[in-house]
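Next come the chains, spelled out residue by residue.
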2 protein chains.
Amino acid sequence: MHFSIDRKFLYEKLSLVSRAISSFSPIPALSGICIQVDANQIILTGSNSNISIRTTILSGELNQLQIHETGSIVIEAKYLLEIVRKLDCTMIEMECIDHSLVRLSSVNGQFQLNGIQAQEYPSIDFSAPSYSFTMKAKDLKECVAQTSFACSDKDQRPVLTGVNFHARQGILYCSATDSYRLARKVLSFDDLHDFNITIPSKSLIEVTRSLEEDDMDIQIFVDHKKAQFLLDKTIIQTRLIDGTFPDVERIIPKESVAVMEVSATELDSVIDRTNFIRNEKIHQIKLECTPEICRIKTSSVEIGNSDEILTDCTYTGQDLTLSCNGSYMLDAIRALHGEKVKLEFSGYMKPIRISNPEDSSVLMIVVPIRSYD
Amino acid sequence: MHFSIDRKFLYEKLSLVSRAISSFSPIPALSGICIQVDANQIILTGSNSNISIRTTILSGELNQLQIHETGSIVIEAKYLLEIVRKLDCTMIEMECIDHSLVRLSSVNGQFQLNGIQAQEYPSIDFSAPSYSFTMKAKDLKECVAQTSFACSDKDQRPVLTGVNFHARQGILYCSATDSYRLARKVLSFDDLHDFNITIPSKSLIEVTRSLEEDDMDIQIFVDHKKAQFLLDKTIIQTRLIDGTFPDVERIIPKESVAVMEVSATELDSVIDRTNFIRNEKIHQIKLECTPEICRIKTSSVEIGNSDEILTDCTYTGQDLTLSCNGSYMLDAIRALHGEKVKLEFSGYMKPIRISNPEDSSVLMIVVPIRSYD
């Protein structure tokens, strides 16, 4: 293996695949980047066995790639990135000097790094799953941002740590829930095949971090085993989470007894400034609503209490007092990305439906909690 | 206690005194800010018993302070800061509603916080020590930045965790050492009384963080018990470290067998990019110097090795190969703030003297380490 290439270009591509790499991999080779040099391209692969990223560098691009000898090797990602980032040169040369030792040279210096032979790298199947659909990068980003926050961060029910993508009759329902709240985004597509899969939220967040241009088309391939995101010359693929995702349709309230419409900024800041008033680490807020006045209160024996009136707010329907987790409410308001927030109440201790009056594609549900004061 | 004041002004002053507060104080009252309201001023105090900060807010300043009732209370710093930072109003009103409960009000809301009675706050003596001298804020900042990094971070020899200030015959010698390296700054003053004290480096760093304007005059008061920094209406005072600071004069080499002058940027980046090649966590670099060529090498059985030639470099004197801690060398180069770095070698395994040819007030020493390859 022997090639030279523009240093910054190489650094970008190494950074991209290294996103999949975890420094605490039980398989030593997976802490490295696998570099495979063919006659006219270089393939870089990074993986943590849940998520894998592969990118291809073709000669002839604006990268000045010159391949002198084919071959392959695996090099510890963090060391390789450090050198390529810090070297003080435009072009970098990389050469295997025996099966597992690699030399990186610049004008005035050289590094030799111990690598691992490419045979020891796990073989990863990057073949494309059968169904595919296409989304704009910005739509995918928004969809992930508006749902993934509601996933569970506990491993007791693994299926809740992912976002469920359920396609039926041309409509894609993206849902996430930790069983106390729900975030759902609904999108329609032409020619969408039916499927029902749950993608780990960590993988989705890594995918969206790799999306640079908002206008880029992302081709998404899925089957019952994996999901693959195709971005230009890069494939990001992730395993799925097994298990049946709960039927979230059932918990979406169909009717309401009262409706509040309020400025998102005001509701956000009123809740946010009470964030430190917690009971057993839970940020519990109490909404006291009548058509005349809506207040948000908090109280903690240890810390103190607060009482604030919402000013930019209309409320219609029956008087209602209920408590909920303020952090969940904040997450929902922020993910709605709207100027106004609409809260639909279905009764005492019944789920609250939270939405953006300007965007019907997205819906949040927060379940109230019992308050004892 | 009852007053109203401009919210942003109050926030700034609360932030300032809160720098001294540690969240894990064994004395509960010390996790709070002590607020003492007199007839025409408010005094805020924060302390962690090592370092204490007191600032005075006078009515009549651009703070719209209106005092309705005198009194005092201690309030948990993190909660108070959070409220005052996030409240959505220009003016804030603060009132004791019983001995230990405080009400903070804005236009549409109010918070009530549990406080602690001011009698429970430790009494801190802010009287000024006997000797004083004056420095520009920017000189004090530079002096601390150029020495404190060389302090020890281990508690085995407490005196090495501070910067020693030794004034004799109008000259102030500021020295810090962890016994493997030394940083020393020398300043002269008119009318400087002799003293020899060691100030905890953490306190010095806190002091410099509180210095906003570079041109400000800082009056420094010292005696054998404490040091006090007077900045406008704020006093920052710190305890001293007991014990005799080592006589560092002895380890400064008086003669050299070889001298290198090299671009600071080049030496920094050559050393910096080998930072990950470590042996038992130590970043060991080897200098191989002759008048013809100077190289910096590193080597680790596990990771790999490097070899780089210094280009913007002159070297005179005898050929020399020696190893030292690269991280110590980097700290020294960066603290010298020069374009060029001068390294004076006094022989194999002898201390290296590192200086900025343009600034004779500052001097660094790094002791070589034995290398076994």
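Since the structure is predicted, the reported quantities are computational estimates derived from the model, not experimental observations.

**Brief notes about the packing of helix H5 (residues 264–272) of chain A against helix H6 (residues 326–336) of chain A**
Residue and element names in this part refer to chain A.
Next up, step 1: Remark: H5 packs on H6, axes separated minimally by 10 Å, with the N-to-C direction vectors making an angle of 155°. Compared by their axis directions, H5 and H6 come out roughly antiparallel. Crossing angle aside, the handedness with which H5 passes H6 is left-handed. Seen from H5, the contacting residues are Ala-264, Leu-267, Asp-268, Ile-271 and Asp-272; seen from H6, they are Gly-326, Met-329, Leu-330, Ile-333 and Arg-334.

**Some remarks on the interface of chain B and chain A**
You'll often see interface size given as the accessible area lost when the parts meet.
Next up, step 1: Opposite the 30 residues of chain B that make contact, chain A presents 30 residues.
Next up, step 2: Interface of chain B and chain A: buried area, both sides summed, is about 2600 Å²; carbon and sulfur atoms make up 54% of it.
Next up, step 3: Inspection of the chain B/chain A interface yields 2 salt bridges.
Next up, step 4: Linking Asp-272 of chain A and Lys-86 of chain B is a salt bridge whose minimum nitrogen-to-oxygen distance equals 3.3 Å.
Next up, step 5: Listing elements by their share of the side of chain B that touches chain A, those giving two or more residues are helix H2 (77–86), strand S9 (109–114) and strand S22 (304–309) of chain B.
Next up, step 6: As judged from the 5 bridges shared by strand S21 (residues 304–309) of chain A and S9 of chain B, these two strands associate in the antiparallel manner. Counterpart to Glu-308 of chain A in the pairing with S9 of chain B is Gly-109 of chain B.

**Digging into the state of the cysteines**
Next up, step 1: The final tally for this structure, using the stated rule, is 0 disulfides over all chains.
Next up, step 2: Cys-89 of chain A takes part in no disulfide bond, and the closest cysteine sulfur, belonging to Cys-96 of chain A, lies 19 Å away.
Next up, step 3: Looking at the unpaired Cys-313 of chain B, the closest cysteine sulfur is the one in Cys-294 of chain B, lying at 3.8 Å.

**What to know about the UniProt feature "domain: DNA polymerase III beta sliding clamp C-terminal" (unreviewed entry) in chain A**
Next up, step 1: Taking the numbering used here, the UniProt-annotated feature "domain: DNA polymerase III beta sliding clamp C-terminal" (unreviewed entry) corresponds to residues 250–370 of chain A.
Next up, step 2: Helix makes up 17% of residues 250–370 of chain A and strand 45%, whereas the separation of the span's terminal C-alpha atoms amounts to 21 Å.

**Section: the packing of aromatic side chains**
Describing an aromatic ring pair means giving the distance of the ring centres and the angle of the ring planes.
Next up, step 1: Summed over the entire model, instances satisfying the criterion amount to 10 aromatic pairs over all chains.
Next up, step 2: Aromatic pair Phe-276 of chain A and Phe-111 of chain B: ring centres 6.2 Å apart, planes at 20°, arrangement stacked. You can see Phe-276 of chain A sitting in the loop between H5 and strand S19 (284–289) and its partner Phe-111 of chain B sitting in strand S9, one on each of two chains. Residues Phe-276 of chain A and Phe-111 of chain B agree in their burial class; the two are buried.
Next up, step 3: Every member of this aromatic cluster is reached through a ring pair, and the members are Tyr-79 and Phe-111 of chain A together with Phe-276 of chain B.
Next up, step 4: Over the ring of Tyr-173 of chain B we find Arg-168 of chain B, and its NZ or CZ is 4.3 Å from the ring centre.
Next up, step 5: Looking at Arg-181 of chain B, its charged tip hangs above the ring of Tyr-328 of chain B, at a distance of 3.9 Å from the centre.

**A short note on the pairing of strand S18 (residues 258–263) of chain A**
Residues and elements named next belong to chain A.
Next up, step 1: As judged from the 5 bridges shared by S18 and strand S22 (residues 313–317), these two strands associate in the antiparallel manner. Within S22, the position partnered with Glu-261 by the bridge is Thr-314.
Next up, step 2: Here S18 runs beside strand S24 (residues 340–345); their pairing, made up of 6 bridges, is antiparallel. Paired with Met-260 across the two strands is Leu-343, which belongs to S24.

**A few points about H6 of chain A**
For the α-helix, the turn length of 3.6 residues means that residues three or four positions removed from each other point alike.
All names here are of chain A.
Next up, step 1: By the criterion of burial, H6 is predominantly enclosed, with 8 of the 11 residues buried.
Next up, step 2: Among all positions of H6, only Gly-326, Tyr-328, Met-329, Leu-330, Ala-332, Ile-333, Ala-335 and Leu-336 are buried.
Next up, step 3: Measuring from the backbone nitrogen of Ser-327 back to the side-chain oxygen at the start of H6 gives 2.8 Å, which picks out Asn-325 as the cap.
Next up, step 4: Among the residues trailing H6, His-337 stands out with phi positive, at a value near 55°.

**Re the UniProt feature "domain: DNA polymerase III beta sliding clamp central" (unreviewed entry) in chain A**
Next up, step 1: Taking the numbering used here, the UniProt-annotated feature "domain: DNA polymerase III beta sliding clamp central" (unreviewed entry) corresponds to residues 135–247 of chain A.
Next up, step 2: Span residues 135–247 of chain A is 18% helix and 42% strand, its end C-alpha atoms 25 Å apart.

**A few points about the domain arrangement of chain A**
All names here are of chain A.
Next up, step 1: Structurally, chain A comprises domain 1 (2–120), domain 2 (131–249) and domain 3 (252–366).
Next up, step 2: Between the C-alpha centres of domain 2 and domain 3 there is a distance of 27 Å.
Next up, step 3: On the side of domain 3, 15 residues touch domain 2, which itself brings 14 residues to the contact.
Next up, step 4: Of the roughly 1200 Å² buried between domain 2 and domain 3 on both sides combined, carbon and sulfur atoms contribute 51%.
Next up, step 5: Among the residues domain 2 hides against domain 3, the three largest losses belong to Gln-146, Arg-181 and Leu-182. Together they make up 40% of the total.
Next up, step 6: For the pair domain 2 and domain 3, the number of links is 1 salt bridge.

Parameters at a glance
Residues numbered from 1 in each chain as written. Chains lettered and ligands numbered in written order. Predicted model: local features only at pLDDT ≥ 70, side-chain atom pairs only at ≥ 80, totals over all residues. Heavy atoms only, no water. Axes fitted to C-alpha atoms, helices over the stretch in contact; angles between N-to-C directions. Helix = DSSP H or I, 4+ residues; strand = E, 2+ residues; numbered from the N terminus. Parallel < 35°, antiparallel > 145°, perpendicular 65-115°, else oblique. Left-handed = near helix turned anticlockwise from the far one by under 90°. Contact = heavy atoms within 4.5 Å. Buried area = accessible area lost by both parts, 1.4 Å probe. Salt bridge = Lys/Arg side-chain N within 4 Å of Asp/Glu carboxyl O. Pairing = 2+ DSSP bridges. Disulfide = S-S within 2.5 Å. UniProt positions renumbered as here; feature names shortened; annotations may be inferred. Phe/Tyr/Trp six-rings, centres within 6.5 Å; stacked < 30°, edge-to-face > 60°. Buried < 20%, exposed > 50% of the residue type's maximum accessible area, 1.4 Å probe, protein only. Lys NZ or Arg CZ within 6 Å of the ring centre and 35° of its normal. Polar contact = N/O pair within 3.5 Å; in protein donor to acceptor, adjacent residues only side chain to side chain. Domains from an automatic or database assignment.

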